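Here's the letter readout for the chains.
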Amino acid sequence: MDESIQREQQRLTLVSRKPCFGLPTACPSCLPVYIYLKLANVSFDLCYNLTFPDSDQIPYVDSDTYVAYNNEKGGVIESLKEDNIVNLDSEVQNLPEWVSTSAMINSWLSDALLYELWVGSDGSSAHKIYYSDLPWPIGKVLYLKQVYSVKQLLGISKDNSERREEEIYRRATIAYKALSTKLGEDSFFSDNRQVFKPTSLDAIFIGHALITLYALPETSVLRGKLLEQANLVKYADKHKAELLDSASSSSSDPLSSVPRRGPSNSSSKTKSQPKRERTQEEKSFRRKAKYFLITQMVAVLVFLSLLGGSDDTEADDADADEGFDYE
Amino acid sequence: MVEEDKPIPEIDEDEEESSNRDEEEEEDDFDDEDEEESVVTPESRMRAEKARMDGVFRRLSSERVPLRVHDVLIKGNKKTKESIIEAEIEALKTATSVQELLQAATIANARLQKLDIFDSVNITLDSGPPELPGTSNVIVEVVESKNPLTGDIGIFTKPEARSWSLEGSLKFKNLFGYGDLWDGSLSYGWDQTSEVSAGISLPRFMRLLTPVMARVSLLSQDWLKFSSYKEQSLGLSLGLLSTRNHDLAYNLSWRTLTDPSQMASKSIRRQLGHGLLSHLKYTFKIDKRNSTLRPTKGFAFVSGSQLGGLFPDYRSLRFIRQEFDLRYALPLGFARAALNVGVAGGVLFPWGSEFMNRPTSLPDRFFLGGNSSPVCTLGGPTSLLGFKTRGLGPSEPKREVKTNSEAANSDVGERDFLGGDLAVTAFADLSFDLPLKVLRDSNIHAHAFACAGSLTKLTENSFRDFSFQKYKDSFRSSAGFGLIVPTKLFRMEVNYCYILRQHEHDRAKTGVQFSFSSPM
């Protein structure tokens with residue numbers, strides 16, 4: 001117990017993948033850990049690893065000689081719980097419903113997001129999250145390797161690719177509907193408890209939802225399915241605003257040489273929604289301006305053509321005058 | 001004409017006498033010979049020949065005998081392209097005297113042999129066409145290797161490797177007729193290194209003066225015990241220039257650092273991942289010592305410079321690494337004794353934006369320690385007797401894993417050695433023969449030595465705390481004596497080492513130790 005208190009007093013550092021798409025980290029395994037630490041109000045430093053996209057050790061939380069890797073004891077969150085460093089699930093971790101919801105998110109939704117990032121889309125999101133800081137040849141080879149291993153993991157082959165895709169999306173839809181029903185209008189997944197406290201379930205789902213909403217392209221099927229559940233989208237955005245956007249301006253600088261892009265990204269993201277409205281206004285303004293100009297042009301032409309006769313005579317006189325002058 | 005009927009002997013270039021006979025045929029007036037042949041007795045013929053040879057010898061040694069090469073004929077090359085052979089015998093065509101021609105022919109023969117694609121090479125000087133006096137035809141006869149495939153197993157040291165390795169290789173000679181040598185090799189090194197590589201060497205590539213070599217290799221090094229990481233590297237290296245003293249090579253490799261043990265310390269954890277290494281390496285070497293296994297006279301100097309970050313991609317590793325090594329051996333005049341002294345140093349620093357704050361790349365750093373003798377290993381600061389491999393310098397505690405036993409709470413933690421950016425080593429070694437004759441005959445001798453070294457970190461603003469006193473304190477030293485047994489393959493030493501000065505976490509031990517080195 002002394003050790004764990006000592007460890008809590010030592011500053012924790014979370015090593016995750018780089019920030020992008022307006023999120024402090026856009027990697028599906030790193031963002032839930034970040035949100036979990038934020039929900040627990042634990043202060044920590046953020047450090048980025050830009051050169052190891054295929055490592056299963058990342059994300060990890062460390063402080064001097066203590067490390068909680070992602071590929072041990074069921075993940076970083078589980079390691080932190082077991083080592084008594086951060087535990088939000090003490091009241092719920094034995095409730096069967098909580099466990100099965102948690103398992104559903106960690107299998108169906110996690111697989112769906114994995115599929116969407118690597119196989120279902122053109123890979124531009126994955127490239128930006130994982131390979132944008134590696135030299136091109138290395139990034140390309142690692143990307144192809146990862147696509148292959150994801151297909152192996154999800155059991156996708158040339159023959160069953162369509163069937164598997166359908167199955168993955170169907171399961172994701174079922175999961176979203178169930179979660180939407182379970183959440184209702186609450187601020188956290190409560191499991192019929194009297195007290196509304198966040199648990200790791202919230203952290204994992206918020207992480208999944210934010211990446212699905214912001215990191216995937218607009219044409220993504222999975223994103224479309226999530227957007228159908230309005231209360232889930234509201235829930236994710238609300239926590240994003242509370243945890244990520246406000247925190248980004250107050251938390252300490254990350255311990256890496258990569259300049260912190262959090263604040264600028266979040267401000268650009270808040271601007272993006274007004275931007276969408278502005279472009280609508282702009283479009284209508286431009287349309288009106290175009291009509292106005294066209295009508296003006298028409299009026300001028302009509303004026304000129306109507307007065308064209310008198311103009312011509314005037315022009316002739318002018319010519320005649322000129323002729324006189326000339327002579 | 002009579003002279004055409006006379007047999008034209010084939011010659012080995014070392015035998016000047018036979019070549020003189022050829023010169024004789026071209027030089028002398030054939031009418032004279034006709035007249036002399038009318039006197040038939042064999043003894044008188046022999047005397048006349050001898051007199052003639054003496055005369056020619058005298059002429060050759062005293063005056064310049066003019067001669068011009070009319071034509072060069074190449075025979076025996078079924079696969080090899082003529083251009084390759086012609087490139088090696090360029091000098092023959094421009095010879096203007098007999099002496100020059102002989103010298104050029106010797107050199108051309110040696111160069112053709114060095115291509116390593118012929119079983120035998122013969123250069124014959126024949127008389128030129130009869131209507132052109134004072135000319136000669138040169139005939140180059142080569143016999144191509146019947147078996148283009150050769151295999152070999154041996155113990156080698158490569159200049160890049162810091163220790164020796166057991167290597168097996170297969171060579172395929174002259175596949176396309178351009179003198180190309182293809183080889184594939186598998187090697188396993190003393191420091192847990194294993195490498196699979198394939199290479200090609202071209203003697204003539206686009207008019208470059210020296211052979212060009214290209215090598216693709218997959219290298220794997222295991223440093224888990226010392227620094228908790230494993231290094232894997234897939235690389236392409238091009239040898240651009242390689243002469244006796246200069247060597248220029250370009251290397252492009254994809255390097256990955258991993259930690260399968262999951263026990264790495266903090267600094268090592270932050271360095272794991274992939275990297276693209278693109279560097280140009282220039283080595284200048286001059287070795288005037290009389291022996292590499294037991295130098296007793298002479299000096300040697302090696303300077304290696306590496307410039308990393310040449311790939312157009314700004315994300316490749318950028319650094320400058322410079323190391324040098326200076327040795328001197330002074331003979332003491334008794335019992336084949338000699339005093340060997342040496343000093344070596346190296347510095348590494350990154351360049352690019354914010355280079356002061358960034359750490360250097362872990363595998364490129366300097367590491368001191370190990371069991372190799374400083375007398376034999378030439379090539380930068382590497383060894384310090386008495387200290388284990390990678391046994392000194394900046395270190396950090398490894399990860400602590402909570403176990404059920406009490407041992408987890410103890411203070412004795414394993415440490416990772418991180419290497420340093422500035423390394424300096426110096427040594428002095430007095431070697432001498434032992435009084436027993438049987439030991440003297442097998443070259444077994446004794447030595448007494450003293451060495452000192454220091455390894456420090458410069459980057460990440462450490463240089464701000466740098467002070468001369470602190471630097472002096474960072475030196476470690478050891479001294480001792482021992483017995484050296486040189487064998488054909490390597491040099492074995494049995495030493496008693498006493499550590500004079502070490503730092504708290506260094507891995508050093510006072511006592512008897514064995515050391516193996518291979519001459520580099």
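Residues numbered from 1 in each chain as written. Chains lettered and ligands numbered in written order. Predicted model: local features only at pLDDT ≥ 70, side-chain atom pairs only at ≥ 80, totals over all residues. Heavy atoms only, no water.

A. Geometry of the overall build of chain A. Helix and strand counts for chain A come out as 12 helices and four strands. Taking all 327 residues of chain A together, the buried fraction comes to 44%. Here the analysis covers contacts within chain A between residues at least 6 apart in sequence; of these, 68% occur between residues at least 24 apart. As displayed, chain A has an accessible area near 17,400 Å², and 53% of this comes from carbon and sulfur atoms. (Helix = DSSP H or I, 4+ residues; strand = E, 2+ residues; numbered from the N terminus. Buried < 20%, exposed > 50% of the residue type's maximum accessible area, 1.4 Å probe, protein only. Contact = heavy atoms within 4.5 Å. Areas by Shrake-Rupley, 256 points an atom, 1.4 Å probe, with all protein chains shown as cover.)

B. The arrangement of the overall build of chain B in detail. The number of helices and strands found in chain B is 11 helices and 21 strands. Within chain B, the fraction of its 520 residues that count as buried is 43%. At a minimum sequence separation of 6, the contacts of chain B that also span at least 24 residues come to 59%. For chain B, the accessible surface area stands at approximately 26,900 Å², while carbon and sulfur atoms represent 60% of it.

C. Broad picture of the confidence of the model for chain B. Residue and element names in this part refer to chain B. Looking at chain B, the pLDDT average stands at 81 and 85% of residues meet or exceed 70. Segment residues 406-412: pLDDT under 50, and four contacts once partners within four positions in sequence are set aside and those in other chains are kept. Complex prediction metrics read pTM 0.74 and ipTM 0.73. (pLDDT = per-residue confidence, 0-100.)

D. The arrangement of the packing of helix α2 (residues 31-39) of chain A against helix α8 (residues 200-215) of chain A in detail. Residue and element names in this part refer to chain A. The N-to-C vectors of α2 and α8 enclose an angle of 130°; their axes lie 8 Å apart at closest approach. Viewed along their axes, α2 and α8 adopt a mutual orientation that is oblique. You can see that α2 and α8 cross each other, and the crossing is right-handed. Residues L31, P32, I35, Y36 and L39 of α2 pack against S200, D202, A203, I204, I206, G207, L210 and I211 of α8. Considered class by class, the residues forming the contact of α2 with α8 number 10 nonpolar, two polar and one charged. (Axes fitted to C-alpha atoms, helices over the stretch in contact; angles between N-to-C directions. Parallel < 35°, antiparallel > 145°, perpendicular 65-115°, else oblique. Left-handed = near helix turned anticlockwise from the far one by under 90°. Nonpolar A, V, L, I, M, F, W, Y, C, P; charged D, E, K, R; others polar.)

E. Representation of the pattern of salt bridges within the structure. Tallied over the entire structure, the rule returns 28 salt bridges over all chains. Between A:D62 and B:R269 there is a salt bridge, and its shortest N-O distance comes to 2.7 Å. Of this pair, A:D62 sits in strand β3 (residues 60-63) while B:R269 sits in helix α9 (residues 266-271), placing the two residues on different chains. In this structure A:D62 comes out as buried when scored by relative accessible area, which is 0%. (Salt bridge = Lys/Arg side-chain N within 4 Å of Asp/Glu carboxyl O.)

F. Focus on the sheet that holds strand β2 (residues 44-48) of chain A. Residue and element names in this part refer to chain A. An order of β2-β1-β3-β4 is seen for the four strands of this open sheet, with the pairing classed as mixed. The sheet terminates laterally at β2 and β4 (66-68), the two strands that pair on one side only. Along the sheet, successive strands turn relative to each other by an average axial angle of 25°, direction set aside. Taken together, the five bridges between strand β1 (residues 12-16) and β2 define a ladder with parallel strand orientation. When the sheet's bridge partners are listed, T13 is paired in β2 with D45. Strands in contact with α2 are β1, β2 and β3; relative to β2, the strand with the most contacts, it is inclined by about 165°. (Pairing = 2+ DSSP bridges.)

G. Fine view of the packing of aromatic side chains. Residue and element names in this part refer to chain A. Tallying each qualifying case throughout the model produces 15 aromatic pairs over all chains. Between W118 and Y131 the ring centres are 6.3 Å apart and the planes differ by 65°, which places this aromatic pair in the edge-to-face class. Pair noted here: W118 is in helix α4 (residues 96-120) and Y131 is in helix α5 (residues 124-131), with a separation of 13 residues, a long-range link. For W118, a relative accessible area of 4% gives the class buried. An angle of 25° between the planes, with centres 6.1 Å apart, marks the rings of F205 and Y235 as stacked. Highlighted residues: F205 in helix α8 and Y235 in helix α10 (residues 230-250), separated in sequence by 30 residues. In this structure an aromatic cluster arises from ring pairing among W118, Y130, Y131 and Y143. Positioned above the aromatic ring of Y214 is the side chain of K240, whose terminal nitrogen or guanidinium carbon lies 4.6 Å from the ring centre. (Phe/Tyr/Trp six-rings, centres within 6.5 Å; stacked < 30°, edge-to-face > 60°. Lys NZ or Arg CZ within 6 Å of the ring centre and 35° of its normal.)

H. Main features of the nonpolar core. Ranked by internal contacts, the top residues of the largest apolar core, which has 95 residues, are A:I35, A:W118 and A:F205. The element best represented in this core is α8(A), accounting for 10 residues. Once residues lying within four places of it in the same chain are set aside, the contact partners of A:W118 are A:A126, A:Y130, A:Y131, A:Y143, A:Q146, A:V147 and A:V150. With 29 residues, the next largest nonpolar core counts B:V65, B:V69, B:A105 and B:I123 among its residues. (Core = buried A, V, L, I, M, F, W, Y, C linked by side-chain atoms within 4.5 Å.)

I. Geometry of the interface of chain B and chain A. Contact with chain B, which involves 24 residues of that partner, is made by 29 residues of chain A. With both sides pooled, the region where chain B packs onto chain A buries about 2,400 Å², and carbon together with sulfur makes up 47% of that total. Three residues stand out in chain B for area buried against chain A, namely B:Q262, B:R269 and B:H274, and they jointly supply 27% of the buried area on that side. Inspection of the region where chain B meets chain A yields three salt bridges. With a closest N to O distance of 2.8 Å, A:E72 and B:R399 form a salt bridge. Here chain B and chain A share 14 residue pairs in polar contact (both at pLDDT 80 or more) between them. (Buried area = accessible area lost by both parts, 1.4 Å probe. Polar contact = N/O pair within 3.5 Å; in protein donor to acceptor, adjacent residues only side chain to side chain.)

J. Focus on the pairing of β2(A). Residues and elements named next belong to chain A. Across the five residues that make up β2, a large majority, five, are buried. Burial of β2 is two-sided: the residues F44, L46 and Y48 facing one way and the residues D45 and C47 facing the other way are all buried. Since β1 and β2 lie parallel, the crossover through α2 that links them has a hand, and here it is right-handed. (Right-handed = clockwise from strand over helix to strand, strands pointing away.)

K. Broad picture of empty space enclosed by the protein. Residues and elements named next belong to chain B. Counted according to the given criterion, the structure contains eight cavities of 30 Å³ or more. Within this model, the second largest cavity holds a volume of roughly 80 Å³. In this structure, the second largest cavity is lined by 16 residues; those nearest its centre are R327, P374, S383, T425 and F427. Looking at the lining of the second largest cavity residue by residue, the classes come out as eight nonpolar, six polar and two charged. (1 Å grid on protein atoms, 1.4 Å probe; cavity = no way out; pocket = protein on both sides within 12 Å on 5 of 7 lines; lining within 4 Å. Points joined across faces, edges and corners; volume = space filled by probe spheres on them.)

L. Representation of the side chain of B:S227 in the model. All names here are of chain B. One can find S227 in helix α8 (residues 224-227). The class of S227 is buried, set by a relative accessible area of 0%. A polar atom in the side chain of S227 sits 3.1 Å from the side chain of R390. Residues within four places of S227 in sequence aside, it is in contact with I268, F367, R390, D416 and F417.

M. Just the sheet that holds strand β2 (residues 118-127) of chain B, in detail. Residues and elements named next belong to chain B. In spatial order, the strands read β1-β3-β2; together these three strands make up an open sheet with mixed pairing. Each of the sheet's edge strands pairs with one partner strand only, and the pair in question is β1 (68-75) and β2. On average, adjacent strands in this sheet sit at an angle of 15° to one another, irrespective of strand direction. Inspection of the sheet shows β1 paired to strand β3 (residues 135-144) by seven bridges, in the parallel sense. Opposite I74, over in β3, you have V140 as the bridge partner.

N. Seen up close, the environment of B:S305. Residues and elements named next belong to chain B. With respect to the helices and strands, S305 occurs in strand β12 (residues 298-308). By relative accessible area, which is 22% here, S305 ends up partly exposed. Taking the C-alpha atoms as reference, S305 lies 34 Å from Q262; in sequence the two are 43 residues apart. Residues in contact with S305, not counting those within four places in the same chain, are L280, K281, Y282, R321 and Q322.

O. Expanded view of the packing of α4(A) against helix α6 (residues 136-154) of chain A. Residue and element names in this part refer to chain A. In the contact formed by α4 and α6, the axes pass within 10 Å of each other and the chain directions differ by 145°. α6 is crossed by α4, and the crossing has left-handed handedness. For the pair formed by α4 and α6, the contact residues are D111, L114, Y115, W118 and V119 on the first element and Y143, Q146, V147, V150, K151, L153 and L154 on the second. Classifying every residue of the contact of α4 with α6 by side-chain character gives nine nonpolar, one polar and two charged.

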